[in-house]
Amino acid sequence: MVHKGIQYSVSVVAEPDVWQWQFQIGESIRTGKTRTRLAALAARRARSKIDAALRASGASSANQGDN
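Residues numbered from 1 in each chain as written. Predicted model: local features only at pLDDT ≥ 70, side-chain atom pairs only at ≥ 80, totals over all residues. Heavy atoms only, no water.

> Quick question: what am I supposed to make of the sheet that holds strand 2 (residues 6-12) here?
Two modes of strand pairing occur in sheets, parallel and antiparallel, and in both the strands are linked by backbone hydrogen bonds. The strand order 1-2-3-4 describes an open sheet built from four strands, whose pairing is antiparallel. Pairing within the sheet leaves two strands with one partner each, and these edge strands are strand 1 (2-3) and strand 4 (28-35). (Pairing = 2+ DSSP bridges. Helix = DSSP H or I, 4+ residues; strand = E, 2+ residues; numbered from the N terminus.)

> How should I be thinking about the nonpolar core in this particular structure?
Most often, soluble globular proteins have nonpolar side chains that are buried together. Among the nonpolar cores identified, the biggest contains 11 residues, and these are Ile-6, Tyr-8, Val-10, Trp-19, Trp-21, Phe-23, Ala-42, Ala-43, Ala-46, Ile-50 and Ala-53. Among the secondary structure elements, those contributing two or more residues to this core are strand 2, strand 3 (18-25) and helix 1 (39-65). When near neighbours in sequence (up to four residues on either side) are disregarded, Ala-42 contacts Val-10, Trp-19, Thr-34 and Thr-36. (Core = buried A, V, L, I, M, F, W, Y, C linked by side-chain atoms within 4.5 Å. Buried < 20%, exposed > 50% of the residue type's maximum accessible area, 1.4 Å probe, protein only. Contact = heavy atoms within 4.5 Å.)

> Help me understand unusual backbone geometry in this model?
Trans peptide bonds make up the majority, and among non-glycine residues the majority have a negative phi. We note that Lys-4 has phi near 55°; this positive angle belongs to a residue other than glycine. Structurally, the position occupied by Lys-4 is in the loop between strand 1 and strand 2. In this structure, Asp-17 takes a positive phi of about 60° despite not being glycine. Mapping Asp-17 onto the fold places it in the loop between strand 2 and strand 3.

> Please clarify how the pairing of strand 2 should be interpreted in this entry.
A regular strand carries its side chains on alternate faces of the sheet. Judged from the two bridges that link them, strand 1 and strand 2 form a sheet pairing that is antiparallel. Note on strand 2: the bridge partner recorded for His-3 is Ile-6. Linkage of strand 1 to strand 2, two consecutive antiparallel strands, is achieved through a turn of two residues, within which Lys-4 is found at a positive phi near 55°. In the sheet, strand 2 pairs with strand 3 via five bridges, with the strands oriented antiparallel. Its bridge partner lying in strand 3, Ser-9 is registered against Gln-22. Connecting strand 2 to the antiparallel partner strand 3 that follows it, the hairpin turn spans five residues, and Asp-17 within it adopts a positive phi of roughly 60°.

Right under this line is the structure:
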């Protein structure tokens, strides 16, 4: 799946109602788990993590440009 140009994946794990998500921005690979019964909600949470990571990388880039 792709969100804002970032490819990500969400997959079920052996534990009930737990999903693992993963995405890469630049050289940084981020992974995590979320607990929900719905695959769509797990994907939404992964997209939220992508949005937060993009905001954080944009903020750090803007701060570096001020120096």
